[in-house]
Amino acid sequence: MKPFYDTIIISPHLDDAALSCGGQISLMTRAGQTVLIVTVMAGEPEEPVITSYAQTLHDRWQLKSNAVVSRRQEDIIAAQILGADVLHFEFPDCIYRLDTSTGAPCYLSDEEIFGDINPGDSDIINKVAERLAALPRSKEIIVPLGVGNHVDHQIARQATELVFGRDLLYYEEFPYAAEPGAYDLVVGESPSRWHTETIPLPEEALQMKIKAISAYISQLSTFFENQQDLERQVRRFTVAVGGERIWRQNASKKAIL
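A short tour of the structure in this document, coming up. (Residues numbered from 1 in each chain as written. Predicted model: local features only at pLDDT ≥ 70, side-chain atom pairs only at ≥ 80, totals over all residues. Heavy atoms only, no water.)

### Things to note about the overall build of the protein
Scanning the protein for helices and strands turns up ten helices and seven strands. For 257 residues, the compact-globule estimate of 2.2 N^0.38 gives 18 Å, and the C-alpha radius of gyration of the protein, at 17 Å, lies within 12% of that figure. Seen through its principal axes, the protein has C-alpha atoms that stretch 45 × 40 × 40 Å. Burial status across the protein gives 55% buried among its 257 residues. Across the protein, every contact between residues at least 6 apart in sequence was considered, and the portion connecting residues at least 24 apart equals 82%. Accessible area for the protein stands at about 11800 Å²; split by element, carbon and sulfur atoms hold 51% of it. The centroid of the 23 positive side-chain charges in the protein is displaced by 7 Å from the centroid of its 36 negative side-chain charges. (Helix = DSSP H or I, 4+ residues; strand = E, 2+ residues; numbered from the N terminus. Rg over C-alpha atoms; globule rule 2.2 N^0.38 Å. Buried < 20%, exposed > 50% of the residue type's maximum accessible area, 1.4 Å probe, protein only. Contact = heavy atoms within 4.5 Å. Areas by Shrake-Rupley, 256 points an atom, 1.4 Å probe, with all protein chains shown as cover. Lys, Arg positive; Asp, Glu negative; His and termini not counted. Charge placed at Lys NZ, Arg CZ, Asp CG, Glu CD.)

### As for the packing of aromatic side chains
Scanning the entire structure with this criterion turns up eight aromatic pairs. Between Phe89 and Phe91, the aromatic rings sit 6.2 Å apart at their centres with planes inclined by 75 degrees, giving edge-to-face as the arrangement. For the pair Phe174 and Phe237, a centre-to-centre distance of 5.3 Å together with 35 degrees between the ring planes defines the contact as tilted. Of the two residues, Phe174 sits in the loop between β5 (169-171) and α7 (184-187) while Phe237 sits in helix α10 (residues 227-241), which places them 63 residues apart along the sequence. Assessed through its relative accessible area of 3%, Phe174 is described here as buried. Members of the aromatic cluster, connected to one another through ring pairs, are Phe114, Tyr176, Phe223 and Phe224. Taking NZ or CZ as reference, Arg71 lies 4.8 Å from the ring centre of Trp61, over its face. Of note, Lys209 hangs over the ring of Phe174, and the distance from its end group to the ring centre comes to 5.9 Å. (Phe/Tyr/Trp six-rings, centres within 6.5 Å; stacked < 30°, edge-to-face > 60°. Lys NZ or Arg CZ within 6 Å of the ring centre and 35° of its normal.)

### Quick look at unusual backbone geometry
Here the bond from Phe174 into Pro175 is cis, since omega is 10 degrees, no more than 30 degrees from zero. One can find Pro175 in the loop between β5 and α7. Even without a glycine there, the phi angle at Gln62 is positive, about 60 degrees. When you line up the elements, Gln62 lands in the loop between α2 (52-61) and α3 (67-82). Residue class for Gln62 comes out exposed when judged on its relative accessible area of 68%. Of note, Asn149 is a non-glycine position whose phi angle comes to about 65 degrees, a positive value. By the element assignment, Asn149 lies in the loop between β4 (137-144) and α6 (151-164). On the accessibility criterion, Asn149 (18% relative accessible area) is buried.

### A look at the sheet that holds strand β7 (residues 244-249)
Strand order in the open sheet formed by seven strands is β3-β2-β1-β4-β5-β7-β6, with mixed pairing between adjacent strands. Across the chains shown, the open sheet's two edge strands, defined by having one partner strand only, are β3 (85-88) and β6 (194-199). Sheet twist, expressed as the mean angle between neighbouring strand axes with direction ignored, is 30 degrees. Pairing of β5 with β7, which is carried by two bridges, proceeds in the antiparallel orientation. Residue pairing in the sheet places Tyr171 in a bridge with Ile246 of β7. α6 contacts β1 (4-11), β4, β5, β6 and β7 of the sheet and is inclined by roughly 145 degrees relative to β4. (Pairing = 2+ DSSP bridges. Axes fitted to C-alpha atoms, helices over the stretch in contact; angles between N-to-C directions.)

### Details of the packing of α3 against helix α8 (residues 203-214)
In contact at an axis separation of 8 Å, α3 and α8 are set at 165 degrees when each is read in the N-to-C sense. Considering the angle they form, α3 stands roughly antiparallel to α8. Every pair of crossing elements has a handedness; the one defined by α3 and α8 is right-handed. Counting all contacts with α3, which are made through Ala78, Ile81 and Leu82, the residues of α8 involved are Met208, Lys211 and Ala212. Split by residue class, the contact of α3 with α8 holds five nonpolar, no polar and one charged. (Parallel < 35°, antiparallel > 145°, perpendicular 65-115°, else oblique. Left-handed = near helix turned anticlockwise from the far one by under 90°. Nonpolar A, V, L, I, M, F, W, Y, C, P; charged D, E, K, R; others polar.)

Rendered as structure tokens:
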């Protein structure tokens, strides 16, 4: 890890940066810029016993043992494809986390992980903020916008804002951003405070993005039917947006809505 980076990207999970920012990361590194991808929820489960919900995900990922270790290795490969450095924090994915007071699992369904942060899990925001405060210096930090409302994305954004304020760049999370009404919770009743910048992706950058996403072999079935569907969805969304879109708060650029 370097003492200074041009760009630091905060990734809640071991694939979010590539899915949402893979094209621009490739553009940055090919232009000689330094990029650090910080994955917040990259730690081992807190307990050796895996809940039935987490086990169903492991089964879908076809990872019978050492799931997190395998996923971290996928992330390293993807980052190498994009030319970025990686930093893996020790916090477990929400599917593994336990209530700090009762020891009960915090999230036991898809509905729960795409809902409100469990009160028994809320102290993780400050813990993540403490780790973020020790990051290397950088010109800019890009953080998840929160499209899709995943609890880990909410936590990553809130913790980053707690440390660095809101003078940040925000990326819209693919593939959640492709869903109808995806931005409703984020934009809310104050669309005028959000402004966007679209980064066009030449074919080479788009191909690198697809290649990096494909490195997350265990995660392909989560969002895509097969490799062809992956490429089709990524290309379709890229065309619809015009590349990859970065959001800002209270910027001087023209509002999106």
